Each structure stands twice: as C-alpha cells, then as structure tokens.
Amino acid sequence: MPSSTMPPPTPTSLYGGAAGRRVTVRDLAAAKERHEKWPMLTAYDAMTARVFDEAGVPVLLVGDSAAMVVYGYDSTIPVTVDDLLPLTAGVVRGSSRALVVADLPFGSYQASPAQALESAARFLKEAGAHAVKLEGGHRVLPQVEALVSAGVPVMGHLGLTPQSVNVFGGYRVQGRGESGEELMKDAKDLERAGAFALVLECVPAELAERVTTSLSIPTIGIGAGPATDAQVLVWQDLMGLTPHPARFVKRYGDLGADLDRAARAFAADVVSGAFPAQEHTYR
Ligand code: KIV
C-alpha cells in the first residue's frame, strides 16, 4: 500500500491500556476477553524495536528467524542462545512498552525441562526478556510446565514450526485433514500446561478459527487467516526487504528499494566528490 493511502498509525487499546508501563501477559489475556485484536512484530535490534514500540506494537518477538534475516543462514536451525542473547538485550533496551518475547532456538530446550529452564533463565536474566517462545505440542509439554512453574511466561508455537523443517520436508501448510485434530489437541494441552499465548503458523484459516474459539489464551496467526486474536509478521517481510516473501505476507513498505536507491546515490556522490559538501564539513 503506498504510504499516502495508509491509515495513520493508531495505537491499539491494548497499548492505550498499558500506557506508561510494559504490556504484560495479563493485558493480553484481558484483550482476548474483550475480543480485541493486536499486532506482534519481530525485532532484532534496539533501533527498530524503538520504532515499533513507539508505533504501539504491544508485543515484540526476537524470533529465531534472526538465523535467516540477521545471520544469513537458510533455516532457523543453526542459530544458538549465544547468538540471540545480545539481539534480545538490544530489543529490551530499545523498547519501553512492549512485552519482549525471546525465541528458544533449536537444541536449547528439546532435551529436557531442565535444559529449557536453563536456556529460558539466560534470556530473562542476561537479556531482560519478559517471556519465551518454544515450538511443538505434546513433546514439549513437560518443558512448558517446568517453565511456567518456575515463573517463566511461555508462548507456544504450532503448525509450521520451522525448527522441524527437516521432518516436514519443506515449508508447507500444516494441519490439513486429520492432522488438524492433532493440532487442536496440542493447542488445548499447551493451554492446560500454562502457555499464555499460541502462535499458529501456516495452518488452514478454518482450523485457526476453531482453535481460537476453543482456547481462552490468545492465538497469534502467521499465514493462519483472519480469525486469530493477533497477527505476527517478520518485519523484513512486512517492510519489503525480503526478495520473495511467502503468500501470507502483506508488504507495507519498500525498504529494499529505498536502501538500494540510497546506497547508489551515496556511492555516486562519493565518486563524483559531491559528498561531503560544505555543510557536512567541520572548520
Ligand atoms: O522466529 C520467528 O520469527 C517466528 C515468527 C515467525 C512467529 O517464530
């Protein structure tokens, strides 16, 4: 959408209700009760976190998608806790209102509830995250229970869980046919285990709607249709930095073209001597 036709940024009432302090998981629960929809964005550094925070985005996710958009890997598998900790700390420092959720990367929680607690504790203690996210259903219920009982808010993630791309054999829609009932059971089990919210990625819209109406915790869709309580996108997809985004992405900016134009103009000015000019020069 061209910026001239975009509506002005309107803070959500979730944002309004939490003015002057950080959004909490209780605020998100209250928004679900009010049937109020809200946005979540990924963030990986202090500057973009500040922009999104000031725009009123109530939840920022330091996703393991950083593996691809920050570190340049072709999947989320290689990224580690040590890679994500400084990014998370930057997002916390750059924001003052948003709830900051840190993604537990592949290999940092699957082994045992104790491993999950050790990894989550690092994100809370060393980076200041307010919650963690992990992927999977019945296999990670003991981890979710251990984290919640230790006081760590947990966001679940079902459907296309990119850390399992090698099991899925590619990035494809999940939850069609009978596997939809399995996903529904996992969703209810995660809620029972104490998750405060649930990401549904690349699932049929009808299934996402059934999960959303069956749960009392908020669902956050990405490629899951319009019925979820919240929507999340990777910010580089939304802003037009990703060359070939997935079908579920709507572009709200063209940063790739803007950066390209600016880089070329800078290079041309340096080569021609037009930069730096008098006004950029100290005397
Ligand atoms: O890592 C990530 O960015 C995510 C979101 C896409 C939900 O998990």
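About the thresholds
In every chain, residue numbers begin from 1 and rise along the written sequence. Where local features are concerned, this predicted model is filtered to residues with pLDDT of at least 70; where side-chain atom pairs are given and counted, the filter is 80 or more; whole-chain, interface and lining totals use all residues. Each side-chain value is derived from all of the structure's non-hydrogen atoms; neither hydrogens nor water enter the calculation. Burial classification: accessible surface area is computed with a 1.4 Å probe over protein chains only, and a residue below 20% of its type maximum counts as buried, one above 50% as exposed, and the rest as partly exposed. For the purposes of this entry, the term helix denotes a DSSP run of H or I that reaches at least four residues, the term strand denotes a run of E that reaches at least two, and both are numbered from the N terminus. The directions considered for the arc run from the helix axis to the C-beta atoms. Any N or O atom pair separated by 3.5 Å or less is treated as a polar contact, with the protein-specific requirement of one donor-capable and one acceptor-capable atom, and with residues adjacent in sequence counted only for side-chain atom pairs. We call two residues in contact whenever any of their non-hydrogen atoms come within 4.5 Å of each other. These domain limits were set by an automatic method or by a database of domain assignments. As a working definition, buried area equals the accessible area (1.4 Å probe) given up by two parts on being put together, with both sides summed. Basic side-chain nitrogens of Lys or Arg form a salt bridge, by our definition, when they fall within 4 Å of a carboxyl oxygen of Asp or Glu. For this classification, the nonpolar set comprises Ala, Val, Leu, Ile, Met, Phe, Trp, Tyr, Cys and Pro, the charged set comprises Asp, Glu, Lys and Arg, and every other residue, Gly included, is treated as polar. In this scheme, strands are said to pair when DSSP sees at least two bridges between them. Orientation is described by lines fitted to C-alpha atoms, with helices fitted over the stretch in contact, and by angles between N-to-C directions that extend from 0 to 180 degrees. Within 6.5 Å between ring centres, the rings of Phe, Tyr and Trp (the latter by its six-membered ring) count as paired, and their orientation is classed by plane angle as stacked under 30 degrees, edge-to-face over 60, tilted in between. Here the word oblique covers every angle except those under 35 degrees (roughly parallel), over 145 (roughly antiparallel) and from 65 to 115 (roughly perpendicular). Less than a right angle of anticlockwise turn of the near helix away from the far helix marks a crossing as left-handed, whereas a clockwise turn marks it as right-handed.

**Remarks on helix α3 (residues 46–54)**
An α-helix turns once every 3.6 residues. As a result, residues three or four positions apart point the same way. Among the residues of α3, Thr 48, Ala 49, Phe 52 and Asp 53 are the ones counted as buried. For α3, the angular spread of the buried residues around the axis is 135°, confining them to a single face. Every exposed residue of α3 that faces more than 90 degrees away from the buried side is listed here: Met 47, Val 51 and Glu 54. N-cap assignment for α3: the residue whose side-chain oxygen lies 3.0 Å from the backbone N of Met 47 is Asp 45. Downstream of α3 by a residue or two, Gly 56 has a phi angle that is positive, lying close to 95°.

**Some words on the side chain of Ser 119**
Its location among the elements puts Ser 119 in helix α6 (residues 113–126). Ignoring anything within four residues of it in the chain, the contact list for Ser 119 reads Val 81, Leu 104 and Ser 108.

**Focus: the domain arrangement of the protein**
Taken as a whole, the protein is organised into domain 1 (25–252) and domain 2 (254–282). A separation of 38 Å is found between the C-alpha centroids of domain 1 and domain 2. The partner domain 2 presents 4 residues to the 5 residues of domain 1 that form the contact. For the pair domain 1 and domain 2, the summed buried surface comes to about 300 Å²; carbon and sulfur atoms form 62% of the total. It is Met 239, Gly 240 and Leu 241 that lose the most area in domain 1 upon contact with domain 2, and together they represent 79% of the buried surface on that side. Counting across the domain 1 and domain 2 interface gives 0 salt bridges. Counting every contact that joins domain 1 to domain 2 gives 3 residue pairs in polar contact (both at pLDDT 80 or more). The residue inventory of the side of domain 1 that touches domain 2, partitioned by class, reads 3 nonpolar, 1 polar and 1 charged.

**Some details on the sheet that holds strand β3 (residues 99–103)**
Sheet architecture is closed into a barrel: 8 strands sit in the order β1-β2-β3-β4-β5-β6-β7-β8, paired in parallel fashion. Averaged over all neighbouring strand pairs, the angle between strand axes comes to 25°, with direction disregarded. Contacts from helix α5 (residues 81–94) reach β2 (59–62) and β3 within the one sheet, and its direction differs from that of β3 by about 175°.

**Regarding the packing of aromatic side chains**
Overall, the coordinates contain 2 aromatic pairs when judged by the stated rule. Arranged with centres 6.1 Å apart and planes meeting at 65°, the rings of Phe 52 and Trp 235 form a pair that is edge-to-face. One end of the pair, Phe 52, is in helix α3; the other, Trp 235, is in helix α11 (residues 235–238), with 183 residues separating them in the sequence. Comparing Phe 52 with Trp 235, the two get one shared label, buried. Here Phe 266 and Phe 275 contribute two aromatic rings whose centre-to-centre distance is 5.8 Å and whose plane-to-plane angle is 65°, an arrangement assigned as edge-to-face.

**Points about the packing of α6 against helix α7 (residues 141–149)**
Closest axis-to-axis distance for the α6/α7 pair is 8 Å, and the angle between their directions is 50°. Compared by their axis directions, α6 and α7 come out oblique. Crossing of α6 over α7 shows right-handed handedness. Contact with α6, carried on its side by Pro 113, Ala 116, Leu 117 and Ala 120, involves Pro 142, Gln 143, Ala 146 and Leu 147 of α7 and no other residues of that element. When grouped by side-chain class, the residues that make up the contact of α6 with α7 number 7 nonpolar, 1 polar and no charged.

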